[in-house]
Structures are given as C-alpha cells and as structure tokens.
Amino acid sequence: MSLFLWNHAVTAERYRLFTDRHDRYRLAARALVEAAAIGPGHRVLDVAAGIGCTALACLERLGETDVVVSVEASGAMRQEGERRTRGLRIAWRSAPPEGQQFDRVICGAAIWALGPVSEVIGGMSNLVAPGGILAVSLPAAYLGEADEPGGGIDPHLTALPSALAALNLGKPPDAALPPLSNTRLTQAFRENGFSMARSDTRLRLTQQAYLDWMALPPVNETLLGQTRPEDRPALLARIAEDLDMASWRWERWALCVGTEATR
Ligand SMILES: C[S@@+](CC[C@H](N)C(=O)[O-])C[C@H]1O[C@@H](n2cnc3c(N)ncnc32)[C@H](O)[C@@H]1O
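As a starting point, this report considers the structure included with it. (Residues numbered from 1 in each chain as written. Predicted model: local features only at pLDDT ≥ 70, side-chain atom pairs only at ≥ 80, totals over all residues. Heavy atoms only, no water.)

### Digging into the overall build of the protein chain
The helix and strand tally for the protein chain stands at 10 helices and eight strands. Taking 263 residues into account, the globule formula puts the C-alpha radius of gyration at 18 Å, and the protein chain, at 18 Å, falls close to it. Counting only C-alpha atoms, the protein chain reaches 55 × 40 × 35 Å along its principal axes. Looking at the protein chain as a whole, 51% of its 263 residues are labelled buried. Taking contacts inside the protein chain between residues at least 6 apart in sequence as the whole, the part at least 24 apart equals 80%. Here the protein chain has roughly 12,100 Å² of accessible surface; of this, 52% comes from carbon and sulfur atoms. (Helix = DSSP H or I, 4+ residues; strand = E, 2+ residues; numbered from the N terminus. Rg over C-alpha atoms; globule rule 2.2 N^0.38 Å. Buried < 20%, exposed > 50% of the residue type's maximum accessible area, 1.4 Å probe, protein only. Contact = heavy atoms within 4.5 Å. Areas by Shrake-Rupley, 256 points an atom, 1.4 Å probe, with all protein chains shown as cover.)

Structural data, given as structure tokens:
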C-alpha cells in the first residue's frame, strides 16, 4: 500500500469519522497493548500511529508521567492525530527519534503496508531496548486466514466487495509485496532475534462499519481506483441501498508479540 493515499486530508478526516463512529481500531489497539504487557514506566514507540488510536490505548495503561512517542509518516494523518490528542502525553514524530531505544515498540494495523516484512521487523527491532518487546497487530485475514460468519443475510459481508467488483472500476495494487502468512511473520521475528508468540482477539464487524471503512481512499483504491476519490462516496451510497445493514461478521485480529531470543 502506498503512503500517497494516506497523506491526504480526506483520508485523515474519514479515518477520524470512522473511529468516532466505530470501535474497530480502538478495540484492536486495546488488545495489542494488553498483549504487549504495556504498563507504568515503559518507554513506548508507536509505529505507523495513524491518528492516535494505539497511543491512546497505551496511555490507558501507562503511568501519569509516561509519554508515548508516535511515529506517523503521513503528514495528513499525523496532523489529525496531533489535533485529536492535543494536551495528552503523546509526542508526534515523522520518523523514529535517532539514538533512542524503547521498552515496547508496537505497530497496530499497518505492518503489511510498510514494506518487506523482514526489513520492517528488522528496523523496528533495532529500536527495542534490551529485554523489551516488539508487538504488532493485524487482521488474521491479512495472513490468509478465513474469518467466521456472523449474522444476517450477508454473514460473510461479501455483498459490498462483490457489488464494487462488478462495476469493473478497479485498479490492481501497485505494490509487489509477497502475501503475508503466519509463517512469514514468525520467520521475520526470528531472523531479527525475536521469538514470536501469537494470540488472537475477535471483533464484530458490522455492515455499516465495513461500508464506512470502504470509504477510505487507501482502502477503496483496489476496487474503485479508476474513479476520482471524490466520486467514490456516491458509488458506495448507491450500493449501500441494496445492502443488509443488519448483517455482520466476525473479524479475528492476530496479536504477535516478540521477545528477545538470540540478540
Ligand atoms: C490502518 S492505519 C493504522 C493506524 C494506527 N496504528 C491505528 O491502529 O489506528 C495504517 C497507517 O499506516 C500508515 N502507512 C501506510 N502505508 C505506509 C507506508 N508505506 N509507510 C509508512 N506508513 C504507512 C498510514 O499512514 C496509516 O496511518
């Protein structure tokens, strides 16, 4: 996934609206910081911080004077994050601070987009202090694992992507990153001196949340990339008229926690 579509005010605004309306990223972030055993006194680096969902979950567990360093390369997302978390103990950066190490280095909902996974894990592992933890979260579907059906007449939530695909307005993804799997991720941790333990958490993804998430330009690019981003909400609204809004499905999130093995 290119950073280009994330670095847009419309994306940042829609991400904030999505987060105000739905608890997907908030709950996934809480599960990640719990899995990473973040607690008072930890120096935490939050990689690909978005608009601050993961950092806010960290603050719920950190001590009163602890500060989260949040790194977000997209200026648009970072500015929205800064605005949304003003006055809180979050230090926003466009890149990791040089020469510093952290007790916890975490990355919520982004690892697959940042580059070849072993390189990305390698870069983050260099920022982990001795005895520290490196933890990432991602939907298990991005590891090629199927989600369980939920409820309603569209219990896999396939109607929306099927209707969008039928428009034939898609654009193949430009990134040539190999697909992720649990094995590849485990290897990436191991190659960089960490042993990975995985636990999962399960969220309910509603049709409305899926529709609102699909309104994010970086997300709908694959299915609507031949249209202008500003024209896409109208297409989505038309398709939404035929969706069963009572439908929902389970969404499993993988919480991958690395502790030092051979470093
Ligand atoms: C789905 S958001 C997750 C944000 C946050 N961690 C959360 O849990 O809400 C993905 C983030 O990854 C960042 N991102 C995507 N592709 C990137 C790239 N190639 N390089 C750096 N950051 C990238 C985006 O700017 C975005 O903030």
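### Remarks on the site of the ligand
Surrounding the ligand, one finds 19 residues, the nearest of these being Tyr15, Ala48, Thr54, Glu72 and Gly108. Glu72 is positioned with one of its side-chain polar atoms (N or O) 2.6 Å from an oxygen atom of the ligand. A distance of 2.8 Å separates a nitrogen atom of the ligand from a polar atom in the backbone of Gly108. For the ligand, whose free accessible area comes to 590 Å², the fraction covered by protein is 90%. Of the residues that constitute the shell around the ligand, the class distribution is 14 nonpolar, four polar and one charged. (Near = heavy atom within 4 Å. Polar contact = N/O pair within 3.5 Å; in protein donor to acceptor, adjacent residues only side chain to side chain. Nonpolar A, V, L, I, M, F, W, Y, C, P; charged D, E, K, R; others polar.)

### Comments concerning the pairing of strand 1 (residues 44–47)
Covered by surrounding structure in strand 1 are Val44 and Asp46 together with Leu45 and Val47, the residues of both alternating faces. Handedness of the crossover joining strand 1 and strand 2 (residues 68–71) through helix 3 (residues 53–59): right-handed. One ladder, built from four bridges, connects strand 1 with strand 4 (residues 102–108); its direction is parallel. Each bridged residue has a counterpart across the sheet, and for Asp46 the counterpart in strand 4 is Ile106. (Right-handed = clockwise from strand over helix to strand, strands pointing away. Pairing = 2+ DSSP bridges.)

### Focus: helix 5 (residues 117–125)
Taken together, the buried positions of helix 5 are occupied by Val117, Val120, Ile121, Gly122, Met124 and Ser125. The inward-facing, buried residues of helix 5 abut strand 1, strand 4, strand 5 (128–139), helix 7 (182–191) and strand 7 (194–206).

### What to know about the side chain of Asp147
Along the chain, Asp147 falls in the loop between strand 5 and strand 6 (149–151). Residue classification places Asp147 among the buried residues on the basis of a relative accessible area of 18%. In this structure the side chain of Asp147 is engaged in a polar contact, spanning 3.2 Å, whose partner is the side chain of Arg249. Ignoring any residue separated from it by four or fewer positions in sequence, one finds Asp147 in contact with Ala141, His156, Arg249, Trp250, Glu251 and Arg252.

### Thoughts on the packing of aromatic side chains
Applying the stated criterion across every chain yields a total of six aromatic pairs. An angle of 65° between the planes, with centres 5.9 Å apart, marks the rings of Trp6 and Tyr15 as edge-to-face. What makes Trp6 buried here is its relative accessible area of 17%. What makes Tyr15 buried here is its relative accessible area of 9%. (Phe/Tyr/Trp six-rings, centres within 6.5 Å; stacked < 30°, edge-to-face > 60°.)

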